[in-house]
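What follows is the residue order along each chain.
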Amino acid sequence: MRVLVIGAGIGGLCLAQGLVRAGIDVRVFEGEAGVHSRYQGFRIGLGGPGLAALRECLPPRLHGLLEATTGELSGERRVVDEQLRVTGRLGPLNGGMATDRHVLRHLLLAGLADRVEFGKRFVSYEEAADGSVRAVFADGSAACGDLLVGADGVGSRVRRQLLPEAEIVTLGGNGLLGRTPLTERFAGLVPGFGTVVHGPQLRMLLGKMEFRRPPHLAAAELAPDVELPATGSYLRWGAFLPPHVEALPQDWTATRELLLGLMDGWHPDLVELVRQSDAVNSSPLTVRHAKPVPHWGTRRVTLLGDAVHVMPPSAGQGANTAFRDAALLCRSLTAAHHGEAELLAAVERYELEMLDYGFAAVAASLEQLPTFTPTGR
Ligand SMILES: Cc1cc2nc3c(=O)[nH]c(=O)nc-3n(C[C@H](O)[C@H](O)[C@H](O)COP(=O)(O)OP(=O)(O)OC[C@H]3O[C@@H](n4cnc5c(N)ncnc54)[C@H](O)[C@@H]3O)c2cc1C
């Protein structure tokens, strides 16, 4: 059996790791030119079934490195006003861990050098009468396999061909995603799991990514064949702007000034947090979600992660759900590989279960959104 995965994001790579562990032939095709091509370094909270699924797919020799490059993610979730006075508590959350998406992606690439091809932008697929599927790329090349998995994120071309009627909703308003190097002063802003700032004109969401060990040094000691980026600890913040801000400037410096203009009179620690944000790792944030889709009738093309059930980051479930998909699909394909199930029956089992918990996670994320946005949109 050969599995073609479109997209070397964290979901597609997690699946590839699991399939390699199971002895299944897998090829991953990524549209970006390389792993450093664009900004992708924000904090991701992992826990429960998502974390268990990641561990299930990742080879045991990398588990220690995964732990070493995570950070604490537990404790109180406070709501404060713009002067940092505590105005509410959302209750503690425990048991998960904070990871950085960029570091995690490097970790998930470990050992896959001969399986992943960068610069391969998927364009379309063709299903052949003999049951095989052929993926066609923008550079004119093609690849054939027994199953095609669209793990190509929110803009998925695979989904657009498989489910042209599937709808992705873009929520209105402007959001920003900032990253500021962690100092003692800024660490005090997030004493627990996270802090929500309800200011007069905007809301901010603060989270800390404090690596237990610098990722590149941990890799050098624990798995020298794995190259992890030298990313420093940081405070990640999201800001949701008031509806009267209709358009954002093109560059981060001007965007930051616009935000600072809305923070007049705010506590100096919050103002300084925004002022010291790192231009390379800060960007506008578009919040989207998928509308539920009915099961489409199994074929040799399926979907995984944001490609099928993208959700707002409000409940911290997107990556967790993508990993859960990867482990579940991997288990189903392993059964088919061992002759315990027909391939299509195995894929159908995956799809039915995935659609169920995937869209439940979308609904839960939408429910939590009003806590973070100025108008509860
Ligand atoms: C600010 C923010 C915070 C978040 N926090 C959390 C959190 O705390 N916990 C959590 O669980 N989730 C969180 N998420 C969600 C999480 O990041 C996503 O759900 C997760 O990255 C989805 O993984 P994926 O592999 O499905 O898609 P992606 O990570 O988007 O990967 C898709 C890949 O496909 C590639 N691709 C796209 N089109 C093509 C093509 N045509 N051909 C080839 N390749 C293609 C892309 O380049 C990309 O590499 C957060 C998201 C954001 C934005």
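Use the structure listed above.
For clarity, every value in this text was computed on a predicted model and none was experimentally measured.

The rules we used
Residues numbered from 1 in each chain as written. Predicted model: local features only at pLDDT ≥ 70, side-chain atom pairs only at ≥ 80, totals over all residues. Heavy atoms only, no water. Near = heavy atom within 4 Å. Polar contact = N/O pair within 3.5 Å; in protein donor to acceptor, adjacent residues only side chain to side chain. Areas by Shrake-Rupley, 256 points an atom, 1.4 Å probe, with all protein chains shown as cover. Helix = DSSP H or I, 4+ residues; strand = E, 2+ residues; numbered from the N terminus. Core = buried A, V, L, I, M, F, W, Y, C linked by side-chain atoms within 4.5 Å. Buried < 20%, exposed > 50% of the residue type's maximum accessible area, 1.4 Å probe, protein only. Domains from an automatic or database assignment. Contact = heavy atoms within 4.5 Å. Arc of directions from axis to C-beta. Pairing = 2+ DSSP bridges.

Trainee: What should I look at first to understand the site of the ligand in this one?
Mentor: Gly11, Glu30, Gly45, Arg101 and Asp306 are the nearest of the 35 residues found near the ligand. One nitrogen or oxygen atom from the main chain of glycine 31 is found 2.9 Å from a nitrogen atom belonging to the ligand. Note that an oxygen atom of the ligand is positioned 3.4 Å from one of the backbone N or O atoms of glycine 318. Look at the ligand: alone it shows 1000 Å² of surface, and the protein chains cover 88% of it. If you list the elements that add at least two residues to the shell around the ligand, you get helix H1 (10-21), strand E3 (43-46), helix H4 (101-108) and helix H11 (318-337).

Trainee: Where do I start with the nonpolar core in this structure?
Mentor: It is characteristic of soluble globular proteins that their nonpolar side chains tend to be buried jointly. Core analysis: the biggest nonpolar cluster contains 90 residues, and Leu15, Leu104, Leu107, Leu108, Leu148, Phe323 and Leu333 have the highest contact counts within it. With 10 residues, the single largest contributor to this core is helix H12 (residues 343-368). Mapped onto the domain boundaries, this core takes at least three residues apiece from domain 1 (1-59 + 110-170 + 290-377) and domain 2 (72-98 + 173-286). Leave out the neighbours within four places in its chain, and leucine 333 touches Met1, Val3, Leu19, Ile24, Leu147, Leu343 and Val347.

Trainee: Looking at this structure, how should I read the environment of glycine 18?
Mentor: Tracing the chain through its elements places glycine 18 in helix H1. In this structure, the C-alpha to C-alpha distance between glycine 18 and aspartate 225, residues 207 residues apart in sequence, is 19 Å. Sequence-distant contacts of glycine 18, that is, excluding residues within four places in its chain, are made with Cys57 and Cys330.

Trainee: Would you mind going over helix H7 (residues 215-222) with me for this structure?
Mentor: Residues that lie three or four places apart on an α-helix share one face, since the helix turns once every 3.6 residues. By the burial criterion, the buried members of H7 are Pro215, Ala218 and Ala219. The buried residues of H7 occupy one face: seen down the axis, they fall within an arc of 100°. In H7, those exposed residues whose orientation departs by more than 90 degrees from the buried face are Ala220 and Glu221.

Trainee: Explain the sheet that holds strand E2 (residues 25-29) here, please?
Mentor: Strand order across the open sheet formed by five strands is E8-E2-E1-E12-E20, with parallel pairing between neighbours. The outermost strands of the open sheet, each flanked by one partner alone, are strand E8 (116-117) and strand E20 (301-303). Pairing between strand E1 (residues 2-6) and strand E12 (residues 147-150): four bridges, direction parallel. The residue of E12 that forms the bridge with valine 3 is leucine 147.

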